[in-house]
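Architecture at a glance
Below are the chains, spelled out letter by letter.
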Amino acid sequence: MASDHYDPGQHFETQEDCLVVGGRSLKDIAAEVGRTPFYCYSSDLMHKRVAELRKVLPEGLHLHYAMKANPMPAVVSLLNSLVDGLDVASGGELSVALAAGGDPEHISFAGPGKSNDELTAAVSAGVTVNVESEGELRRLMEVGGTLGAKPRVAIRVNPDFELKSSGMKMGGGPKQFGIDAEQVPALLRRMASLDLEFRGFHVFCGSQNLRSEAIIEAQTKTLELVERLAADAPSPPSTVNIGGGFGIPYFPGEHPLDLAPLKPHLVQLMQTAQEKLPGATLITELGRFLVGEAGIYVCRVIDRKVSRGQVFLITDGGLHHHLAASGNFGQILRKNYPAVVGNKMRQGPRESASVVGPLCTPLDLLGDRVELACAEEGDLIVLFQSGAYGLTASPINFLSHPPPGEVLV
Ligand SMILES: *Cc1c(COP(=O)(O)O)cnc(C)c1O
């Protein structure tokens, strides 16, 4: 294998041919969960990831966890203890964040189409609402009036630029997210007469970016944009969420994001913010970068068959649990998630096999002719890079199979 090949298995140890997560062998974990398939997340790896980031993030730059990447309550509790705040994107996530002990002062709620019930929950809890439209601000003020409470409001801005080479663009051009930058000054001036607590700005350009230069450019432009907008703000912003978008490598040829160039850039950014936006706390919000590599999806081979020369490993897992690994969650070209046979890590012959699930659709493909140790009935297939947008982004009711287990070890 080429030396520049990134192997996500490097984050895990092996013991007697078996993958180890958090010091425990996969077979033991499977026995404890009592069933397959399951997701397994390593608290160790999350600790390590946050520690790695803290070396790069200047003191005072807040790190938030964007919960939609993985809202498992145990994961949220753990990350809540490691980061400076939580970003939620629904009323359900808000409930989990609060139950996990999240401090409302450091929780923000973004996302288009917040219902009045969600706005009520947000104002009652005292979290910051990142408003995504003028209509949402109007409804938020009505909710505040009904509750007799001052909503905490930040404006989510749809910037007038894009994050280059992002897996998913979420800002720039016409978007359902945020308020177009050019409409923000007038809105800010109107906010001065509203009974609200103005918090600041939120700009999120996109996600799954593996190029530090692109992230640096977007963050620099974000801060410039916020400086311009702040001139019309009803009060100086206390928080400026500069987005995130740090990606993880999934496929051959992709490499981990190089954090080193971010350090001097962020120091500079903080300095600029202190001069131009005194009193504002900068926030970066990350989802998949914190949890994606810490999680695996484990399913069991139920049947093995050969069809016209091609080996099929038919497992009890599939796209109903892990849509992203099947290539149907926003990917343009289907590519294989990195996979191994978790109980045959070193020894034995290897072969090319297709890993499929039990659903009656050809879309239920977890690995298309992947190179694996020869697997038989009962063996455990492991998909790496599965800690983010796994279960939470999957149609678990499709074909009425039971849901997978989920453990944090
Ligand atoms: C989805 C989302 C994130 C997290 O994106 P990742 O790629 O998981 O880091 C952060 N902020 C907002 C506003 C989002 O919608």
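Everything that follows concerns the structure shown earlier in this document.
Remember, it's a predicted structure, so these values are computed and weren't measured experimentally. (Residues numbered from 1 in each chain as written. Predicted model: local features only at pLDDT ≥ 70, side-chain atom pairs only at ≥ 80, totals over all residues. Heavy atoms only, no water.)

Secondary structure assignment for the chain yields ten helices and 22 strands. For the chain, the C-alpha radius of gyration of 23 Å lies close to 22 Å, the compact-globule estimate for 409 residues. Seen through its principal axes, the chain has C-alpha atoms that stretch 70 × 45 × 35 Å. Here the chain, with 409 residues, has 56% of them falling under the buried criterion. Sequence separation of 24 or more characterises 72% of the internal contacts of the chain that already satisfy a separation of 6 or more. Accessible surface for the chain amounts to roughly 17100 Å². Of this, 52% is attributable to carbon and sulfur atoms. For the chain, the separation between the mean place of its 36 positive charges and that of its 47 negative charges on side chains is 3 Å. (Helix = DSSP H or I, 4+ residues; strand = E, 2+ residues; numbered from the N terminus. Rg over C-alpha atoms; globule rule 2.2 N^0.38 Å. Buried < 20%, exposed > 50% of the residue type's maximum accessible area, 1.4 Å probe, protein only. Contact = heavy atoms within 4.5 Å. Areas by Shrake-Rupley, 256 points an atom, 1.4 Å probe, with all protein chains shown as cover. Lys, Arg positive; Asp, Glu negative; His and termini not counted. Charge placed at Lys NZ, Arg CZ, Asp CG, Glu CD.)

Close contact between helix α5 (residues 116-125) and helix α6 (residues 134-147) brings their axes to 9 Å; oriented N to C, the two are set at 55°. Here α6 runs oblique to α5, going by the angle between their axes. Like other packed secondary-structure pairs, α5 and α6 cross with a definite hand, here right-handed. Where α5 approaches α6, its residues Asn 116, Leu 119, Thr 120, Val 123 and Ser 124 are matched on the opposing element by Glu 136, Arg 139, Leu 140, Val 143 and Leu 147. (Axes fitted to C-alpha atoms, helices over the stretch in contact; angles between N-to-C directions. Parallel < 35°, antiparallel > 145°, perpendicular 65-115°, else oblique. Left-handed = near helix turned anticlockwise from the far one by under 90°.)

Tracing the backbone shows Thr 222 in helix α8 (residues 212-230). What makes Thr 222 buried here is its relative accessible area of 0%. Not counting the four nearest positions on each side in its chain, Thr 222 is found in contact with Phe 161, Val 203, Cys 205 and Ile 242.

Let us now look at empty space enclosed by the protein. Per the counting criterion, the structure on display carries one cavity of 30 Å³ or more. Every residue along the wall of the largest cavity is listed here: Leu 163, Phe 204, Cys 205, Gly 206, Ile 215, Ala 218, Gln 219, Ile 242, Gly 243 and Gly 244. Of all the secondary structure elements, the ones that give two or more residues to the lining of the largest cavity are α8 and β14 (239-244). Residue composition of the lining of the largest cavity, grouped by class: six nonpolar, four polar and no charged. (1 Å grid on protein atoms, 1.4 Å probe; cavity = no way out; pocket = protein on both sides within 12 Å on 5 of 7 lines; lining within 4 Å. Points joined across faces, edges and corners; volume = space filled by probe spheres on them. Nonpolar A, V, L, I, M, F, W, Y, C, P; charged D, E, K, R; others polar.)

Take the environment of Val 267 next. By secondary structure assignment, the location of Val 267 is in helix α9 (residues 262-276). Residue Val 267 is classed as partly exposed on the basis of its relative accessible area, which comes to 40%. A C-alpha to C-alpha distance of 32 Å links Val 267 and Met 191, two positions 76 residues apart in sequence.

The next subject is the nonpolar core. Grouped together as the largest cluster of nonpolar side chains are 125 residues, with contacts concentrated most on Tyr 65, Ile 155, Phe 201, Leu 290 and Ile 296. Counting residues per element, this core draws most heavily on α8, at nine residues. With residues near it in sequence (within four places) discarded, Phe 201 still touches Ala 154, Ile 155, Val 157, Val 184, Leu 188, Val 226, Leu 229, Ala 230, Pro 237, Thr 239, Val 240 and Asn 241. (Core = buried A, V, L, I, M, F, W, Y, C linked by side-chain atoms within 4.5 Å.)

Take the side chain of Arg 156 next. Locating Arg 156 in the fold gives a position in strand β9 (residues 152-158). For Arg 156, a relative accessible area of 5% gives the class buried. Looking at Arg 156, its side chain comes within polar contact range of the side chain of Glu 132, at 2.9 Å. If we ignore the near neighbours within four places in the chain, the residues touching Arg 156 are Ala 110, Gly 111, Asn 130, Val 131, Glu 132, Met 170, Phe 177, Gly 178, Ile 179, His 202 and Phe 204. (Polar contact = N/O pair within 3.5 Å; in protein donor to acceptor, adjacent residues only side chain to side chain.)

A few words now on the packing of aromatic side chains. In this description, a pair of aromatic rings is defined by centroid distance and the angle of the planes. Under the definition given, this model contains nine aromatic pairs. Here the aromatic rings of Tyr 39 and Tyr 41 are separated by 6.1 Å at their centres, their planes lie at 20°, and the arrangement is stacked. No difference in accessibility class separates Tyr 39 from Tyr 41, as the two residues are buried. Seen in terms of ring centroids, Phe 246 and Phe 289 are 5.5 Å apart; in terms of plane orientation they differ by 80°. Their pairing is edge-to-face. Here Phe 246 is found in the loop between β14 and α9, whereas its partner Phe 289 is found in helix α10 (residues 288-291), with 43 residues between them in sequence. For Phe 289, a relative accessible area of 4% corresponds to the buried category. Above the ring of Phe 289, the side-chain terminus of Arg 49 is found at 4.3 Å from the ring centroid. (Phe/Tyr/Trp six-rings, centres within 6.5 Å; stacked < 30°, edge-to-face > 60°. Lys NZ or Arg CZ within 6 Å of the ring centre and 35° of its normal.)

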